[in-house]
Amino acid sequence: MHDLTNEILELIRLTSTDLSPDVEKSLHTAVEKETPGSAARGALETVIENVEISRRNSSPICQDTGTPIFFVRHPAGWSTRKLKEQIRTALAEATKKSYMRPNAVNAVTEKNSGNNLGGDDFPSIHFEEVDGEELTIELILKGGGCENVGAQYSLPDDRLGAGRDLAGVRKAVLDAVHKAQGQGCAPGILGISIGGDRGSGYTKSKEVLLSKIGERNPDPKLAALEEQLTEEANQLGIGPMGFGGKTTVLDTKITGLSRVPASFFVTISYMCWAYRRRKMTVKAGGEVLYG
């Protein structure tokens, strides 16, 4: 197998310093919806300026470079142990080059490792063997502020009047957005998992964020709910950074999971405006593409 350490380093640099085109376009669309001279418009204009400066200087888009979450889909025969070693080596080098900030803090000792490596669980790496000859590595950098306002609901929820159906899911999600206010660095992107257990719910609610803004779930009911939740969240008036305004959420992504009859979880992963996710593809012949 190839040594992809340098290519993964470039993936990390791109993710941290160069916002994806679909996200940047969405921010430009949002700023035009806000009232000229308003705090909401000013916040978005500052965000867009920051995005441009970060790309030009290869400097992190946000001072919180986040938890690195990798989703690796590999052909048969690739060593996940070696891939993990290469990812960890690249992450340490990215930290040394200041593409990443040292974020791995031992929760018990409070010691920062200084290189973004924290035992076997930091960074978070998910492996899946797939058919074909292509390898893909997708990276999300999940900021702490937006991670703090993530939420999980167990339905039914009498407080919300939310039952075990899509109407109940809607109530839970809007409650989570309302509670987040500006603390999630709005405008945000919602990753939602319906079903599963508590652990798989959080994993899948992040994995669904890998798709581009505007891409809808193939299930018509979930696609309609994605659009409805974005529209209704934007009617809450929270706005960019909680300053009020028309743009609280840029997009909503939903995935449905199987569940046991006793449980019905709705898990919401809130992503901040710094929607940092990138993908690298290694072709069968060794060519590496970034997207």
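The text that follows walks through the structure, step by step, so that each part is easy to find. (Residues numbered from 1 in each chain as written. Predicted model: local features only at pLDDT ≥ 70, side-chain atom pairs only at ≥ 80, totals over all residues. Heavy atoms only, no water.)

**Notes on the pairing of strand 6 (residues 249-256)**
The element strand 6 is extensively covered by neighbouring structure, given that seven of its eight residues are classed as buried. Looking at chain direction, strand 5 (residues 188-194) and strand 6 are connected through seven bridges and run parallel. Residue Gly 188 lies in a different strand from strand 6, and its bridge partner there is Val 249. (Buried < 20%, exposed > 50% of the residue type's maximum accessible area, 1.4 Å probe, protein only. Helix = DSSP H or I, 4+ residues; strand = E, 2+ residues; numbered from the N terminus. Pairing = 2+ DSSP bridges.)

**Side note on the state of the cysteines**
According to the stated counting rule, one finds zero disulfides in the structure shown. The thiol of Cys 62 is not disulfide-bonded; the next cysteine sulfur, from Cys 272, is found 6.3 Å away. Under the relative-accessibility criterion, Cys 62 is labelled partly exposed at 24%. With no disulfide of its own, Cys 146 lies 4.2 Å from the sulfur of Cys 272, the closest cysteine sulfur. (Disulfide = S-S within 2.5 Å.)

**Some words on the nonpolar core**
The nonpolar side chains of a soluble globular protein tend to be buried, and buried together. Ranked by size, the top nonpolar core spans 51 residues in total, and within it Leu 27, Tyr 153, Val 173, Leu 190, Ile 192, Val 266 and Ile 268 carry the most contacts. A per-element tally of this core places helix 6 (residues 166-180) first, with seven residues. Excluding its chain neighbours within four sequence positions, the residues that come into contact with Val 266 are Ala 151, Gln 152, Tyr 153, Leu 155, Val 169, Ala 172, Val 173, Ile 192 and Ser 193. In terms of nonpolar packing, the next biggest core, distinct from the first, is built from 23 residues, Leu 9, Trp 78, Ala 90 and Ala 94 among them. (Core = buried A, V, L, I, M, F, W, Y, C linked by side-chain atoms within 4.5 Å. Contact = heavy atoms within 4.5 Å.)

**Points about the sheet that holds strand 9 (residues 288-290)**
Taking strand neighbours across the sheet as the criterion, the five strands line up as 2-1-3-8-9 in an open arrangement whose pairing is mixed. Edge positions in the sheet fall to strand 2 (124-129) and strand 9, since each has one partner strand and no second. Taken pair by pair, the neighbouring strands of this sheet meet at an average axis angle of 15°, ignoring direction. The pairing of strand 8 (residues 276-282) with strand 9 spans three bridges and is antiparallel. Within strand 9, the position partnered with Thr 281 by the bridge is Leu 289. Sheet strands in contact with helix 1 (residues 5-17) are strand 1 (67-74), strand 3 (135-142), strand 8 and strand 9, and its direction is about 155° off that of strand 8. Sheet strands touched by helix 4 (residues 80-96): strand 1, strand 2 and strand 3. Its angle to strand 1, the strand with the most contacts, is close to 145°. (Axes fitted to C-alpha atoms, helices over the stretch in contact; angles between N-to-C directions.)

**Side note on the packing of aromatic side chains**
Across all of its chains, the model carries zero aromatic pairs by this definition. Lying across the ring of Tyr 275, Arg 277 places its NZ or CZ 4.4 Å from the centre. (Phe/Tyr/Trp six-rings, centres within 6.5 Å; stacked < 30°, edge-to-face > 60°. Lys NZ or Arg CZ within 6 Å of the ring centre and 35° of its normal.)

**A closer look at the packing of helix 1 against helix 4**
Running from N to C, helix 1 and helix 4 cross one another at 50°; their axes reach a closest spacing of 8 Å. Classed by the angle they form, the pair helix 1 and helix 4 counts as oblique. With respect to the hand of their crossing, helix 1 and helix 4 are arranged in right-handed fashion. Residues Thr 5, Ile 8, Leu 9 and Ile 12 of helix 1 form the contact with helix 4, whose own contacting residues are Gln 86, Ile 87, Thr 89, Ala 90, Leu 91, Glu 93 and Ala 94. When grouped by side-chain class, the residues that make up the contact of helix 1 with helix 4 number seven nonpolar, three polar and one charged. (Parallel < 35°, antiparallel > 145°, perpendicular 65-115°, else oblique. Left-handed = near helix turned anticlockwise from the far one by under 90°. Nonpolar A, V, L, I, M, F, W, Y, C, P; charged D, E, K, R; others polar.)

Purely spatial values, then, with no claim about function.
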